[in-house]
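# Architecture at a glance
This is what each chain is made of:
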Amino acid sequence: GYVFRDRISHIVKLTTLALCLGFVGVTGTLHLGLMGVGVWFLAIIAILMGVAHSPRVGLSIFILNMIFLCLCAVAFIRGDLVAGVNPNFYATSTQAWTLLIMSSAFMPALVLLSFGKYQATLLELVYHLKNQRDLIAEEAMYDELTRLPRRQLLYDRIDMLLLRVARHEARGAVLFLDLDDFKAVNDTYGHRAGDAVLLEVAARLKGTLRADDTVARVGGDEFVVLLCDLSTRDDACKVAQKLVEAVRAPIVRDGVELRVGLSVGIAMLPDDGETSEQLLEHADIAMYRAKESGKNSFRFYTEFEAVSA
């Protein structure tokens, strides 16, 4: 019952069993010498303690067992210790054979049970560690507030799109988005209102795009949209205009209308960059040109005049 109680930790169980077995092993060896099965108990103790704590603990107990057995051997050989029963009687008695048979069955079963319990505990620990690692990896890949991909995951998807563009001679676009007047919302209504605006903007951006497209959050009020399988630059223009219109619509929170704008810079694949870093940098430059030309506008990296939305 003690072994199978779930409220007691596995290490406490093994340690208690080792102490009990140690008592039986020591007294049995001192009383019966080589006729008893105390040596078995002492060997099992070293194994159990090594499993419960560490191999160093198990090795230390093994060394203590060897010293104890050597001292017992010298004591029995010199006659300082004498067996408590007649050897011939013990070798033929029902009690001795019963104890031997029970020990030969019980001790391996106990070891296998202990290892099985320990293995189950380790597997459960590994399972929880894997889940924790996956959770940490997911947190690193996705924004905590909007649950949009972060920069690292965005880089991976841009690299995949670059490979697909090179292989199938397709076109794509990287859109760098920056909210206009977002700081004014934060300063006037507080960070909670700002977070609500970011959540609503993220939802609107996702609702405007196709399932194959990607929207990521790369800064406080900065987003990046990755468009794939475009036919012409006009397709990117249409998407950029839809995004600007979607974000420009007022956001109502607690009866108050919050308004932000959107400046968009567009870098085309493969014309405006060969790497994800180049594409993001060029789209960022185009976004600043759009912001300089006025709010709610978008501009291509290779263009010199802003296109009003």
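None of these values were measured; they are calculated from a predicted model.

### Quick word on a nonpolar patch on the surface
Taken together, Leu 59, Phe 62, Ile 63, Leu 64, Met 66, Ile 67 and Leu 71 make up a surface patch of nonpolar side chains, about 690 Å² in accessible area. Examined against the element boundaries, Leu 59 turns out to sit in helix H3 (residues 55–78).

### What about the environment of Thr 121?
Along the chain, Thr 121 falls in helix H5 (residues 94–141). It is 8.3 Å that separates the C-alpha atoms of Thr 121 and His 10, two residues lying 111 residues apart in sequence.

### Things to note about the pattern of salt bridges
One pass over the full model with this rule turns up eleven salt bridges. With a closest N to O distance of 3.0 Å, Arg 217 and Asp 143 form a salt bridge. Residue Arg 217 is found in strand E2 (residues 214–217), and its partner Asp 143 is found in the loop between H5 and helix H6 (151–168); the two are separated by 74 residues along the sequence. By relative accessible area, which is 13% here, Arg 217 ends up buried. In this structure, the salt-bridge partner of Asp 254 is Arg 253, at a minimum N-O distance of 3.5 Å. Overlapping salt bridges, with partners in common, bring together Asp 178, Asp 180 and Lys 291 in one network.

### Considerations on the pairing of E2
Of the two faces of E2, the one holding Thr 214 and Ala 216 and the one holding Val 215 and Arg 217 are both buried throughout. Judged from the four bridges that link them, E2 and strand E3 (residues 222–230) form a sheet pairing that is antiparallel. Within E3, the residue paired with Val 215 across the bridge is Val 225. Remark: four residues form the turn of the hairpin made by E2 and E3, two consecutive strands paired antiparallel.

### Side note on the packing of helix H2 (residues 38–52) against H3
Interaxial distance between H2 and H3 falls to 6 Å at its minimum, and their mutual angle equals 160 degrees. For the element pair H2 / H3, the angle class is roughly antiparallel. Between H2 and H3 lies a crossing whose hand is right-handed. The segment H2 lies against H3, with Val 39, Leu 42, Ala 43, Ile 45, Ala 46, Met 49 and Gly 50 engaging Pro 55, Val 57, Gly 58, Ile 61, Phe 62, Asn 65, Phe 68 and Leu 69. In terms of residue class, the contact of H2 with H3 is built from twelve nonpolar, three polar and no charged.

### Describing the nonpolar core
Among the nonpolar cores identified, the biggest contains 35 residues, and Leu 175, Leu 177, Val 201, Phe 223, Leu 243, Val 264 and Ile 266 are the most heavily contacted of them. Elements with a minimum of two residues in this core: strand E1 (171–180), helix H7 (182–189), helix H8 (191–208), E3, helix H9 (233–248), strand E6 (261–269) and strand E7 (297–300). At seven residues, H9 tops the list of elements feeding residues into this core. For Val 264, the residues in contact, after removing those within four places along its chain, are Leu 175, Phe 176, Leu 177, Ala 240, Val 244, Ala 286, Met 287, Ala 290, Ser 297, Phe 298 and Arg 299. Within the second largest apolar cluster, 18 residues are counted, among which are Val 165, Leu 226, Leu 279 and Ala 283.

About the thresholds
Residues numbered from 1 in each chain as written. Predicted model: local features only at pLDDT ≥ 70, side-chain atom pairs only at ≥ 80, totals over all residues. Heavy atoms only, no water. Patch = residues over 30% accessible without salt bridge, like charges linked within 9 Å, V, L, I, M, F, W, Y side chains within 5 Å. Areas by Shrake-Rupley, 256 points an atom, 1.4 Å probe, with all protein chains shown as cover. Salt bridge = Lys/Arg side-chain N within 4 Å of Asp/Glu carboxyl O. Helix = DSSP H or I, 4+ residues; strand = E, 2+ residues; numbered from the N terminus. Buried < 20%, exposed > 50% of the residue type's maximum accessible area, 1.4 Å probe, protein only. Pairing = 2+ DSSP bridges. Axes fitted to C-alpha atoms, helices over the stretch in contact; angles between N-to-C directions. Parallel < 35°, antiparallel > 145°, perpendicular 65-115°, else oblique. Left-handed = near helix turned anticlockwise from the far one by under 90°. Contact = heavy atoms within 4.5 Å. Nonpolar A, V, L, I, M, F, W, Y, C, P; charged D, E, K, R; others polar. Core = buried A, V, L, I, M, F, W, Y, C linked by side-chain atoms within 4.5 Å.

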